[in-house]
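Chain residues, written in single-letter form:
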Amino acid sequence: MNTISSRALKHQRRHRKNRVQIDNRNDIVRLNIVFFTGAGLSAESGVSTFRGKDGLWNQSDNIRYSQVSSLATDLAECLVFYNIRRKTMLKAFPSQAHYLMAELQQKYHVRVITQNIDVLHERAGSHSVIHLHGSIQFLVPKGFRHPKYRLPWFDDINVGDRCPRTGSQLRPDVVLFGEKIYDYRQARRWLCEADIVVIVGTSLLVEPAHSLLVNINPVAKVYYINPESQLSSDLPFPGEQIIDGANSGMSRLLDEISSCWQ
Ligand code: NAD
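Described in the following lines is the structure provided in the data block. This is a predicted model, so every value here is computed, not measured.

Considering the sheet that holds strand β6 (residues 170-174)
Paired through backbone hydrogen bonds, the strands of a sheet run either parallel or antiparallel to each other. What the three strands build is an open sheet, ordered β5-β4-β6; its pairing is antiparallel. In the strand order of this sheet, the two ends are held by β5 (151-152) and β6, each with one partner. The sheet contact formed by strand β4 (residues 134-141) and β5 spans two bridges and is antiparallel. By the bridge assignment for β5, Leu139 is matched with Leu151. Sitting on the sheet, helix α5 (residues 75-91) is in contact with β4 and β6, with an inclination near 50 degrees to β6.

Thoughts on the site of the ligand
Of all residues adjacent to the ligand, which total 27 residues, the nearest are Glu44, Gln115, His133, Thr202 and Ser203. Note that an oxygen atom of the ligand is positioned 2.8 Å from one of the backbone N or O atoms of Ile117. Between the ligand and the protein, one listed contact pairs an oxygen atom with a side-chain N or O atom of Asn226 at 2.7 Å. In the complex, 92% of the free accessible area of the ligand, which totals 850 Å², lies under the protein chains. When residues of the shell around the ligand are traced back to their parent elements, those giving at least two are α2 (39-43) and α5. Top contributing element to the shell around the ligand by residue count: α2, with three residues. Looking at side-chain class alone, the shell around the ligand contains nine nonpolar, 13 polar and five charged residues.

Quick notes on helix α6 (residues 96-103)
When we look at burial in α6, the residues that qualify are Ala97, His98, Leu100, Met101 and Ala102. Buried positions along α6 lie against β1 (32-37), α2, β2 (109-114), α7 (120-124), β7 (196-200) and α10 (246-260).

Focus: unusual backbone geometry
Among all residues save glycine, negative phi is the norm, and among peptide bonds the norm is trans. At the junction of Glu207 and Pro208, the peptide bond is cis and its omega measures out at 15 degrees in the coordinates. Mapped onto the fold, Pro208 is located in the loop between β7 and α9 (209-213). You will see that Leu204, though not glycine, has its phi angle at about 65 degrees, which is positive. Here Leu204 lies in the loop between β7 and α9. On the accessibility criterion, Leu204 (5% relative accessible area) is buried.

Here is what the cut-offs are and how they apply
- Residues numbered from 1 in each chain as written.
- Predicted model: local features only at pLDDT ≥ 70, side-chain atom pairs only at ≥ 80, totals over all residues.
- Heavy atoms only, no water.
- Pairing = 2+ DSSP bridges.
- Helix = DSSP H or I, 4+ residues; strand = E, 2+ residues; numbered from the N terminus.
- Contact = heavy atoms within 4.5 Å.
- Axes fitted to C-alpha atoms, helices over the stretch in contact; angles between N-to-C directions.
- Near = heavy atom within 4 Å.
- Polar contact = N/O pair within 3.5 Å; in protein donor to acceptor, adjacent residues only side chain to side chain.
- Areas by Shrake-Rupley, 256 points an atom, 1.4 Å probe, with all protein chains shown as cover.
- Nonpolar A, V, L, I, M, F, W, Y, C, P; charged D, E, K, R; others polar.
- Buried < 20%, exposed > 50% of the residue type's maximum accessible area, 1.4 Å probe, protein only.

Here is the structure:
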């Protein structure tokens, strides 16, 4: 079982104390809402999930090219695979749920932590987005997977396309199995500071989803939107399940937020 780290606990305590001080000064406190999203959210935009009914995980290419070893053993095929995936994702449009999350920024302090590599949150207008698993926005040189080496991904990437700074072959800036995820600490900090956490469209099967969500601020209200219900004992957080698709689940959630949290 995952336990919350002492660093996260300290951060939660400090954050709660600061918010109490702000409350006492009668300043307007904007609620901190964190959305934690997965492939199910983009399913409503037509992008397939990994583990759903028509999930990509049943296809052998997806399994092979999700491994870091494929960059060494099947580089050309791997690049073609991601070129196609990127184009499919760019053809999709943000769903109502993506737009509703972005709209909430007008009233609340909204942050998004996503496992998705598509850019539908940004295209819907969300400003603060962490892509734990990277995104199709960028390329990085092999052996230099770090934000400081990122280059914008404008066109298909081919074997022989090299980074001008390092001379190394360029590859998609998506996190493959065997690689370190991005921004874990910042995501954990956001979860510690949240008043409301809404988890949408994720099976929680791909780490670090499960271990990260252990760090949710214990006083935060947590909602889990997914058409498939889960045993509460399988969830790494106590919360309310909204058993519904992302679009209708988000509409139901907004009714609840506006009636309970003015
Ligand atoms: P997952 O495929 O493991 O699980 C998808 C979840 O979405 C399931 O629990 C399913 O019940 C739920 N779901 C299906 N339809 C939904 C709907 N209409 N509304 C809400 N929920 C719905 O996805 P995951 O947990 O995000 O982990 C998969 C990994 O695959 C991640 O690492 C991610 O990077 C990657 N992935 C990304 C994309 C994308 O960028 N759009 C697509 C496929 C996979």
